[in-house]
Amino acid sequence: MKKAFFINGGAGRVLCAIPALEHYKQHVDPTVVIVVEAWLELFFNSAILRDNVYPVGHKGLFQDKLIDREIITPEPYRLNAYFTQKCNLIQAFDMLINDLKEIPKTKEFKLDISRVDQAYGHNLINEIKNQTGRQKVVVFQPLGSGAAVNGNFLLDTSGRSFELKDIVHITKELTKHYVVVLMTNINIPVNENMGAVVPNANLLEWMGIINAADYFVGCDSMGQHYAHVLGKPATVVIGSTFPENISYVDSKNFTIIDNGKDARRYIPMRITQDFVGDRNNQDAMVLTDKTVEQVIKSVTDKLGKTKQTKEPIKPVELPHVHGPDCKHAGEPLTTPPFAKKLANV
């Protein structure tokens, strides 16, 4: 019997299912049905899969597409090879979807970035460079999905996000040499201008921004997966989770700083609830001054430093990005490099 796959979870996890599903369509069933319970838009960037993907609310989905298929919901977190740190998310999905008994190599795949998202990222980065005079752009995603503002505090009890003081220090140090674009949808509670740009971008527009940037700094969250897909150099700081599971330890482009090593406890998400483990891990992203400097140095070693002047750093204002809705027709759109941007994982 043919199969239909239901995919759920966070954006990074959903993205990591794409390589295995592409392989399944190309080698097992070209008519495979994929029902996406979250982050459907990510599949628009797979030229192989976009015609096979449906949202849960698609009209007539059950009667027209599912009733004659076996329904499969692959759960990588329940795979022994995953929770014993023998494979990453891409490999885990591959084993479950393609029924593999041995751990495969991490599959490569391509993302077909839309022209609109290429243009957004290209125009934004160019205008920021022109405004600041900086030639290099660093995207910094300091927060994981568990982060939230609690009064004057920025908390992530899952131990995946940077601490507030470290966000401020890293941002201010990097803005001495580069434009820093903060990848966050949370208003970081600070009383000073850190000199960073915070675009109001959606998930696909962030793909365009990272594609046009020079470097990525982040934690266990979506941005690092984009950076890997797009072949961008990156520094990723890991706290409560395991880099063997959620990042790319074999990538030559990645500098992984494992802050939680030897102290964290594996949290069996979607298996059991480990309250003691959660409490044990909540400080996994508390960095020493030495580690913070290591993060900064990893960027400057790769990008170099800007020659400093005695002029104070001016606060960066978010520039306007020209688009099809602009009313000032006299200002032409910047032309992005539309040489069909395909990125290998």
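In what follows, the accompanying structure is described. Being a predicted model, the structure only gives us computed values, none of them experimental.

Each value, and the rule that gives it
- Chains are numbered independently. Their residues run from 1 in the order of the written sequence.
- Thresholds applied to this predicted model are a pLDDT of at least 70 for local features of residues and 80 or more for the giving and counting of side-chain atom pairs; totals over whole chains, interfaces and linings are not thresholded and use all residues.
- Note: side-chain values were computed over all heavy atoms of the structure, leaving out hydrogens and water.
- Two strands form a pair only when DSSP identifies at least two bridges running between them.
- Each helix is a run of H or I in the DSSP string that is no shorter than four residues. Each strand is a run of E no shorter than two, and both are numbered from the N terminus.
- The angle between two axes is taken between their N-to-C directions and runs from 0 to 180 degrees, where each axis is a line fitted to C-alpha atoms and a helix contributes only its stretch in contact.
- In what follows, a contact means two residues having at least one pair of non-hydrogen atoms within 4.5 Å.
- Burial status follows relative accessibility: with a 1.4 Å probe on protein chains alone, a residue under 20% of its type maximum counts as buried, one over 50% as exposed, and anything between as partly exposed.
- Any pair of N or O atoms that falls within 3.5 Å is considered a polar contact. Within protein, one atom must be able to donate a hydrogen and the other to accept it, and sequence-neighbouring residues count only if both atoms are side-chain atoms.
- Roughly parallel means an angle under 35 degrees; roughly antiparallel means over 145; roughly perpendicular covers 65 to 115; every other angle is labelled oblique.
- In this scheme the handedness of a crossing depends on how the near helix is turned from the far one: anticlockwise by less than a right angle means left-handed, clockwise means right-handed.
- Residue type decides the class: Asp, Glu, Lys and Arg count as charged, Ala, Val, Leu, Ile, Met, Phe, Trp, Tyr, Cys and Pro as nonpolar, and the leftover types, Gly among them, as polar.

## Observations concerning the sheet that holds strand 4 (residues 70-72)
Okay, so step 1: Strand order in this open sheet of four strands is 3-2-1-4, and the pairing throughout is parallel. The sheet is open, and its two borders are formed by strand 3 (53-55) and strand 4, each paired with just one other strand. With strand direction ignored, the average angle separating the axes of adjacent strands in the sheet is 25°.
Okay, so step 2: One ladder, built from three bridges, connects strand 2 (residues 33-36) with strand 3; its direction is parallel. What sits directly across from V36, in strand 3, is P55.
Okay, so step 3: Most of the contacts of helix 1 (residues 11-27) go to strand 1 (residues 3-7), to which it runs at about 165°, and overall it touches strand 1 and strand 2.

## Focus on the side chain of S298
Okay, so step 1: Residue position: S298 is located in helix 11 (residues 289-303).
Okay, so step 2: For S298, a relative accessible area of 13% gives the class buried.
Okay, so step 3: A polar side-chain atom of S298 sits 2.7 Å from a polar atom in the side chain of T235.
Okay, so step 4: Of note is the side chain of S298, whose polar atom sits 2.6 Å from the backbone oxygen of V295.

## Re the packing of helix 5 (residues 115-132) against helix 7 (residues 203-212)
Okay, so step 1: Following both chains from N to C, one finds helix 5 and helix 7 inclined at 50°, their axes separated by 7 Å at the closest point. As summarised for this structure, helix 5 and helix 7 are arranged oblique, according to the angle between their axes. Regarding helix 5 and helix 7, the two cross each other, and that crossing is right-handed. Contacts between helix 5 and helix 7 pair D117, Y120, G121, H122, L124 and I125 from the former with L204, E205, G208, I209 and A212 from the latter.
Okay, so step 2: Taken together, the residues of the contact of helix 5 with helix 7 sort by class into six nonpolar, three polar and two charged.

## Quick word on the sheet that holds strand 6 (residues 137-141)
Backbone-to-backbone hydrogen bonds join strands into a sheet, with any given pair of strands oriented parallel or antiparallel.
Okay, so step 1: Read from one edge to the other, the open sheet built from five strands follows the order 9-6-10-11-12, with strand pairing classed as parallel. Lying at the two open borders of the sheet, with one neighbouring strand each, are strand 9 (179-182) and strand 12 (254-258). Each strand of the sheet is rotated relative to its neighbour by a mean of 20°, with strand direction disregarded.
Okay, so step 2: Bridge count between strand 6 and strand 10 (residues 215-218): four bridges; the pairing is parallel. Within strand 10, the residue paired with V138 across the bridge is Y215.
Okay, so step 3: Packing against the sheet, helix 11 makes contact with strand 6, strand 10, strand 11 (234-238) and strand 12, and its axis sits at approximately 170° to strand 10.

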